[in-house]
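Structural overview for review
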Amino acid sequence: MTDYATTPGPAAHQKIDTSVPHSARIWNYWLGGKDNYPVDEQAGDAYTAVFPGIVTIARSSRAFLRRSITYLVAEAGIRQFLDVGTGLPTADNTHEVAQRIDPGTRIVYVDNDPMVLAHARALLYSTPEGATAYVDSDALDPDRILAAAAATLDFSRPTALILSNILGHVADYDQARSIVTRLMGALPSGSYLSINDGSRGIDPVFEQAQDAYNESGAVPYNLRTVDEITSFFDGLELLDPGVVPVPHWRPGPTDSAPEVIAEHGGLARKP
Ligand SMILES: C[S@@+](CC[C@H](N)C(=O)[O-])C[C@H]1O[C@@H](n2cnc3c(N)ncnc32)[C@H](O)[C@@H]1O
């Protein structure tokens, strides 16, 4: 069944503001997409002028996501995904990777950006056998996310929670941890948590560029230490090779040679 339902939330009432740079649109620019405005290009170019490595981080992080989702569907048997902080449609969106392997997979996307909402139709283009839905909600409100996602996902069945470059938007670390705990707490044993996020303590130039970005008027992004990222998985069984620079996480034969970059990721199973 194709599910085109969207859940109107705070972002549905906001206009797309093209005068200030937006995270989803800058990310889309770095990923080589077209869904961005001059203000996003300027902010993206200002960032790459200081730290060109952000483009490698953005692309390596999407490659990690592809490998993580492929593992979850092809090897772990997961058929339900909750992807919070979706971003604008790009190559290999979660539902495309998952439904290529099993068209019956069901995916709920969550984002609070009005432009992502405007592109929800593209995100919602599901196989007839599976389902996709978009929830317009803030990550700070996990109860709302769970209530809306339950219209599409059966939370008595194992589900993968995807948090890809979103937790840094939650400024307070303890609050970010409690959001992860609340969302994972609603999922049964055999569910999975996939996180990849920008890491602090690896590359001072990255941190300098991020600090300047956070002063630019865009929604700030908080880099976290590797220990802090690893701690999001507390209470879960981390799969090998643990929390590592994303190019080191089970690289495939077509992936570029692993390098140490300041973007760490891991995948864990709920016991
Ligand atoms: C850097 S992009 C990451 C996109 C995608 N997950 C990826 O890794 O390629 C961050 C996304 O999180 C969304 N976002 C930022 N703050 C959010 C919040 N408080 N609640 C929900 N989504 C948020 C942005 O709109 C954007 O789409």
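Going by the structure above, here's the rest.
Small disclaimer: the values here were computed from a predicted structure and weren't measured.

Looking now at the pattern of salt bridges. Under the defined criterion, the tally for this structure stands at 10 salt bridges. A salt bridge links Arg182 to Asp143; the shortest N-O distance between them is 2.5 Å. Of the two residues, Arg182 is situated in helix α8 (residues 173-185) and Asp143 in helix α7 (residues 142-149); the sequence distance between them amounts to 39 residues. Since its relative accessible area comes to 38%, Arg182 is described here as partly exposed. A salt bridge links Glu207 to Arg200; the shortest N-O distance between them is 3.5 Å. Residue Glu207 is classed as buried on the basis of its relative accessible area of 16%. Through salt bridges with shared partners, a single network forms among Arg66, Arg67, Asp92, Arg100 and Asp255.

Once that is clear, we can look at the site of the ligand. Near the ligand lie 17 residues; those nearest to it are Trp27, Gly85, Asp111, Ala139 and Ser164. At 2.6 Å from an oxygen atom of the ligand is found a side-chain nitrogen or oxygen belonging to Asp111. Contact between the ligand and Ala139: a nitrogen atom at 2.8 Å from a main-chain N or O atom of the residue. Considering the ligand on its own, with 600 Å² of exposed area, one finds that the protein chains cover 94% of that surface. The cavity where the ligand resides is the largest pocket. With 3 residues, the single largest contributor to the shell around the ligand is helix α1 (residues 23-30).

Reading guide: rules and limits
- Residues numbered from 1 in each chain as written.
- Predicted model: local features only at pLDDT ≥ 70, side-chain atom pairs only at ≥ 80, totals over all residues.
- Heavy atoms only, no water.
- Salt bridge = Lys/Arg side-chain N within 4 Å of Asp/Glu carboxyl O.
- Helix = DSSP H or I, 4+ residues; strand = E, 2+ residues; numbered from the N terminus.
- Buried < 20%, exposed > 50% of the residue type's maximum accessible area, 1.4 Å probe, protein only.
- Near = heavy atom within 4 Å.
- Polar contact = N/O pair within 3.5 Å; in protein donor to acceptor, adjacent residues only side chain to side chain.
- Areas by Shrake-Rupley, 256 points an atom, 1.4 Å probe, with all protein chains shown as cover.
- 1 Å grid on protein atoms, 1.4 Å probe; cavity = no way out; pocket = protein on both sides within 12 Å on 5 of 7 lines; lining within 4 Å.
- Sits in = over half its atoms within 2 Å of the grid points.

Function cannot be read off these values alone, since they describe shape.
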